[in-house]
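Coordinate analysis (summary)
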Amino acid sequence: MQVYLNGNYVDREHASIPVDDRGFIFGDGVYEVTRALRGHLFEGERHFRRLGRGLRGLGITVPAELEQLGEISECLLRTNGLTKGEALVYLQITRGAAPRTHQYPPAGTPPTVYLSVGPFTPPHELRAAGARAITIPDVRWSRCDLKTVNLLPNVMGKQRAVEAGVTEAIFVRDSAVTEGSSTNIFGVVGGELRTYPACNYILGGITRDVVLELAAENNVPVRTTPIFVHELGGVDELFLTSTTNDVMPVVEVDGHPIGGGTPGPITRRLYEAFARRLDRVGG
């Protein structure tokens, strides 16, 4: 498999970065994971806009490649024989390599730019049955809107989910459901879609944005207001959204069933609309 690293396409086993890269030492960088179908990116421009916002938010120099990231991604997909099915593109940009200091390195330090691709199989079997989740305290910093590589609380949350034998850990801040360890969260209450408002406490998910558009197109009312923990037992439906989950129904939280314990009708309708949009990519 070939990857892209700092202006060059190289074999993965030959790709290397200095040990003093700030992404390695400090988690000082941002990343994106983008879906690809038939060799073309799904919502690539949205991902790149969010990436640019993250770079500006962290004060990382915008690399010269920013305008060519779509072309680089699709070149990697072709080179690695991933133009016929589904794939994922991983993109990471760090502040670059410099002697270790907490303050930023000198102006002109080039950022590290890395992209790789791999095959992807959507979790259709899990979607048909519905996922299970647990709730955990949201102890993360207050700039969750920046998609940084510093993901330790998310990693620990996902591990708690794995140890509990469920799919996802749902963060709770001040009694309100914010998002999952790697997903956004939606609930259906009385036919109305509810999700935590876009702010610094959640990541503005690309799939989340698409689902909000699809809800409007399908006449599903939306209210961007939190679902509180004490309300979870009374929601009609609950689902996760992310690049790798699409629209994923949740049928149990903390051992208690959601709705009827099966994927609900609004969740299914939104997933079907999402799948139709996906199917247009590269068609």
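1. Considering empty space enclosed by the protein
Here the structure, examined in full by the defined rule, presents two cavities of 30 Å³ or more. Roughly 50 Å³ of volume is contained in the largest cavity. Taken together, R35, F42, H47, I206, T207, S242, T243 and F274 make up the full set of residues lining the largest cavity. Of the volumes computed, that of the second largest cavity is approximately 40 Å³. Going through the elements one at a time, β14 (237-242) and β15 (246-253) are the ones with two or more residues in the lining of the second largest cavity. Here the lining of the second largest cavity is composed, by residue class, of five nonpolar, three polar and two charged.

2. With respect to helix α3 (residues 69-79)
Restricting attention to buried positions, one finds in α3 the residues L69, I72, S73, C75, L76 and L77. Where α3 terminates, the next one or two residues include G81, which has phi positive at roughly 65 degrees.

3. Overview of the pairing of β14
When you tally the buried positions in β14, you get six out of six residues, the bulk of the element. Residues E237, F239 and T241 line one face of β14 and the alternating positions L238, L240 and S242 line the opposite face, and both faces are buried. Connecting the antiparallel pair β14 and β15 is a turn made up of three residues.

4. Brief notes about the environment of R277
One can find R277 in helix α7 (residues 265-279). Residues R277 and F42, 235 residues apart in the sequence, show an inter-C-alpha distance of 9.1 Å. If sequence neighbours within four positions are ignored, R277 has contacts with F42, E43, R46, V210, E213, L214 and E217.

5. Here we look at unusual backbone geometry
A positive phi angle, near 50 degrees, is found at N6, a position not held by glycine. A positive phi angle, close to 50 degrees, is found at R38, a residue other than glycine. The topology assignment puts R38 in the loop between β3 (29-37) and β4 (40-41). When its relative accessible area of 29% is taken as the criterion, R38 is described as partly exposed.

6. Examining helix α5 (residues 152-164)
With 13 residues, α5 should cover 18 Å at 1.5 Å per step; its first-to-last C-alpha distance of 18 Å lies within 8% of that length. The inward-facing, buried residues of α5 abut β7 (131-137) and β8 (168-173). Downstream of α5 by one or two residues, G165 has phi in the positive range, about 75 degrees.

7. Quick notes on the pattern of salt bridges
Within the structure shown, the criterion is met by 21 salt bridges. Its salt-bridge partner being D246, residue R127 comes within 3.6 Å of it at the nearest N-O pair. Here D246 lies in strand β15 and R127 lies in helix α4 (residues 124-129), a separation of 119 residues in the sequence. Across the pair, D246 and R127 agree in class, each one buried. Here R194 ties to E231 by a salt bridge, and the two come within 3.1 Å at their closest N and O atoms. In this pair, R194 is assigned in strand β11 (residues 192-195) and E231 in the loop between β13 (227-228) and β14, connecting sequence segments 37 residues apart. Three or more residues joined by partner-sharing salt bridges are found here, namely E43, R46, E213, E217 and R277.

Criteria and cut-off values
- Residues numbered from 1 in each chain as written.
- Predicted model: local features only at pLDDT ≥ 70, side-chain atom pairs only at ≥ 80, totals over all residues.
- Heavy atoms only, no water.
- 1 Å grid on protein atoms, 1.4 Å probe; cavity = no way out; pocket = protein on both sides within 12 Å on 5 of 7 lines; lining within 4 Å.
- Points joined across faces, edges and corners; volume = space filled by probe spheres on them.
- Helix = DSSP H or I, 4+ residues; strand = E, 2+ residues; numbered from the N terminus.
- Nonpolar A, V, L, I, M, F, W, Y, C, P; charged D, E, K, R; others polar.
- Buried < 20%, exposed > 50% of the residue type's maximum accessible area, 1.4 Å probe, protein only.
- Pairing = 2+ DSSP bridges.
- Contact = heavy atoms within 4.5 Å.
- Expected span 1.5 Å × (residues − 1).
- Salt bridge = Lys/Arg side-chain N within 4 Å of Asp/Glu carboxyl O.

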